Amino acid sequence: MRSFLSCEGRPISRVSITQGFNDYFDIRLANTPALKQTSYQIRHQVYCEELGWEPETGDKVEMDPYDEHSLPLLLYHKASKTYAGTMRLVIPPTDEPDRPLPFEALYGTSLHKNVIDPATVSRSSIGEISRLCVPGSFRRRAGEKNKPFVLNDMSGLDLQSAEDQRNFPKISVGLYIGVIALTKLLDLPHIFVVTEPRLMRRLQWLGIPTERAGDDIEHRGTRALFYLDRDYVLENLKPEMMALLTLLEGQLTEQIR
């Protein structure tokens, strides 16, 4: 079977990365009040309590007006029976399609319109990935304690073996692939995300093609706007990422039904 190199230079196989993910995780669409509450609680834990980016609230949930027209995802860690992360897909509300998405409020007229101009496409065809966060118990490496997401392998977790630690994908990658699967199911071809350039470089290295659509800004550290052409992404995903997307798309299809 064809193999690929991990970030550490070790060979990984198309089967191992998908099977490893399936062994340890499920993707959950937060399509009930209880699951949405769980997503907001994780966000409060990370953004408010751990990082201090937002004020703490009495009910221990972190929400903003975009949640009214967002679809949150959760990553369920089977071994601990807890949630290892969350992310949301923001879409324009159907009754007010011209309401700006978060990236439009941040970037205004400074978008790289030579990449894509949101004003030239249907508002029902765009979405934005945001609020990626992973609880501190899953961000154990020193360099990740002050970040809301995971870049490195999850070797701090009590997995069955060193082989397991090497082979299954990162939490952040699983969430990104999950939200790409969601955009496929919802037929959203134009996706934006404001995030650390370093995270995007890692995702690009892993085979998730993105294009910079805005300059660096200061927003809880250095951030930049990136654009994902969903169809181009699906055509150019590396085989091991496509196998993972197929797995997560199947899980989400059942939940949407």
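Residues numbered from 1 in each chain as written. Predicted model: local features only at pLDDT ≥ 70, side-chain atom pairs only at ≥ 80, totals over all residues. Heavy atoms only, no water.

### Some remarks on the overall build of the protein
Point 1. Looking only at helices and strands, the protein has eight helices and ten strands in total.
Point 2. Burial statistics for the protein: of 257 residues in total, 54% are counted as buried.
Point 3. For the protein, restricting intrachain contacts to residue pairs at least 6 apart in sequence, the fraction spanning at least 24 positions comes to 70%.
Point 4. Surface accessibility of the protein: about 11,600 Å² in total, with carbon and sulfur atoms responsible for 49%. (Helix = DSSP H or I, 4+ residues; strand = E, 2+ residues; numbered from the N terminus. Buried < 20%, exposed > 50% of the residue type's maximum accessible area, 1.4 Å probe, protein only. Contact = heavy atoms within 4.5 Å. Areas by Shrake-Rupley, 256 points an atom, 1.4 Å probe, with all protein chains shown as cover.)

### Regarding the packing of helix α5 (residues 171-186) against helix α8 (residues 239-256)
Point 1. Running from amino to carboxyl end, α5 crosses α8 at an angle of 60 degrees, the nearest separation of the two axes being 8 Å. In terms of orientation, α5 lies oblique with respect to α8. Here α5 and α8 pass one another in a crossing that is right-handed. Of the residues in α8, those touching α5 at Val173, Gly174, Ile177, Gly178, Ile180, Ala181, Leu182, Lys184 and Leu185 are Met241, Leu244, Leu245, Leu248, Glu249, Leu252, Thr253 and Ile256.
Point 2. Class assignment for the residues of the contact of α5 with α8 results in twelve nonpolar, three polar and two charged. (Axes fitted to C-alpha atoms, helices over the stretch in contact; angles between N-to-C directions. Parallel < 35°, antiparallel > 145°, perpendicular 65-115°, else oblique. Left-handed = near helix turned anticlockwise from the far one by under 90°. Nonpolar A, V, L, I, M, F, W, Y, C, P; charged D, E, K, R; others polar.)

### What to know about helix α2 (residues 33-50)
Because each turn of an α-helix spans 3.6 residues, side chains separated by three or four positions end up pointing in the same direction.
Point 1. Under the 1.5 Å per step criterion, the end-to-end length of α2 is 24 Å for 18 residues, consistent within 8% with the ideal 26 Å.
Point 2. Where α2 bends most, at histidine 44, the angle is about 25 degrees.
Point 3. Those residues of α2 that are buried lie in contact with β3 (25-29), β4 (70-77), β5 (82-90) and β6 (126-133).
Point 4. The positive-phi residue at the C-terminal boundary of α2 is glycine 52, with phi of around 70 degrees. (Expected span 1.5 Å × (residues − 1). Bend = angle between axes of the 7 residues up to and from the residue.)

### With respect to the pairing of β5
Point 1. Within β5, eight of the nine residues are buried, which leaves the element mostly enclosed by the surrounding structure.
Point 2. Linking two consecutive strands that pair antiparallel, namely β4 and β5, is a turn of four residues; a positive phi of about 55 degrees is found at lysine 81 within it. (Pairing = 2+ DSSP bridges.)

### Some thoughts on a nonpolar patch on the surface
Point 1. The grouping of Leu185, Leu186 and Ile256 at the surface amounts to a nonpolar patch, some 210 Å² of accessible area in total.
Point 2. Secondary-structure assignment places isoleucine 256 in helix α8. (Patch = residues over 30% accessible without salt bridge, like charges linked within 9 Å, V, L, I, M, F, W, Y side chains within 5 Å. Salt bridge = Lys/Arg side-chain N within 4 Å of Asp/Glu carboxyl O.)

### Considering the nonpolar core
Point 1. By size, the foremost hydrophobic cluster in this structure holds 56 residues, and its most contacted members are Ile129, Ile171, Tyr176, Ile177 and Leu225.
Point 2. Counting residues in each nonpolar core, the second largest holds ten residues, with Leu35, Val46, Tyr47 and Leu51 among its members. (Core = buried A, V, L, I, M, F, W, Y, C linked by side-chain atoms within 4.5 Å.)

### Section: the side chain of serine 39
Point 1. Checked against the element boundaries, serine 39 lands in helix α2.
Point 2. Here threonine 86 takes part through its side chain, which lies 2.8 Å from a polar atom of the side chain of serine 39.
Point 3. Excluding its chain neighbours within four sequence positions, the residues that come into contact with serine 39 are Pro72, Leu74 and Thr86. (Polar contact = N/O pair within 3.5 Å; in protein donor to acceptor, adjacent residues only side chain to side chain.)

### Some points on the pattern of salt bridges
Point 1. Considering all chains together, one arrives at 19 salt bridges under this definition.
Point 2. We note a salt bridge from glutamate 54 to arginine 220, for which the minimum N-O separation is 2.1 Å. Remark: arginine 220 occurs in the loop between β9 (217-218) and β10 (222-229) and glutamate 54 occurs in the loop between α2 and β4; sequence separation between them is 166 residues.
Point 3. The partly exposed category is assigned to glutamate 54, whose relative accessible area is 24%.
Point 4. Exposure remark for arginine 220: the relative accessible area of 26% places this residue in the partly exposed category.
Point 5. One network of salt bridges, in which partners are shared, links Arg43, Glu54, Glu62, Asp64, Asp67, Arg88, Arg131 and Arg220.

### Points about the confidence of the model for the protein
Point 1. On average, residues of the protein score 83 in pLDDT, and 82% of them are at 70 or above.
Point 2. In the model, residues 151-169 has pLDDT below 50 throughout and makes 45 contacts with residues more than four positions away in sequence or in other chains. (pLDDT = per-residue confidence, 0-100.)

### A short note on the packing of aromatic side chains
Point 1. By the definition in use, this model includes five aromatic pairs.
Point 2. Between tyrosine 76 and tyrosine 83, the ring centres sit 5.3 Å apart and the planes meet at 65 degrees, which makes this aromatic pair edge-to-face.
Point 3. Owing to a relative accessible area of 16%, tyrosine 76 belongs among the buried residues under this scheme.
Point 4. Over the ring of tyrosine 76 we find arginine 28; its NZ or CZ atom is 4.2 Å from the centre of that ring.
Point 5. The lysine or arginine in question, arginine 131, covers the ring of tyrosine 47, its NZ or CZ lying 5.0 Å from the ring centre. (Phe/Tyr/Trp six-rings, centres within 6.5 Å; stacked < 30°, edge-to-face > 60°. Lys NZ or Arg CZ within 6 Å of the ring centre and 35° of its normal.)

### Here we look at helix α6 (residues 197-205)
Point 1. Along α6, the positions that sit buried rather than exposed are Pro197, Leu199, Met200 and Leu203. Along the axis of α6, the buried positions cluster into a sector of 155 degrees, meaning they face one direction only.
Point 2. For α6, the secondary structure elements touched by its buried residues are β6, α5, β7 (190-195), β8 (211-212) and β10.
Point 3. The positive-phi residue at the C-terminal boundary of α6 is glycine 207, with phi of around 105 degrees. (Arc of directions from axis to C-beta.)

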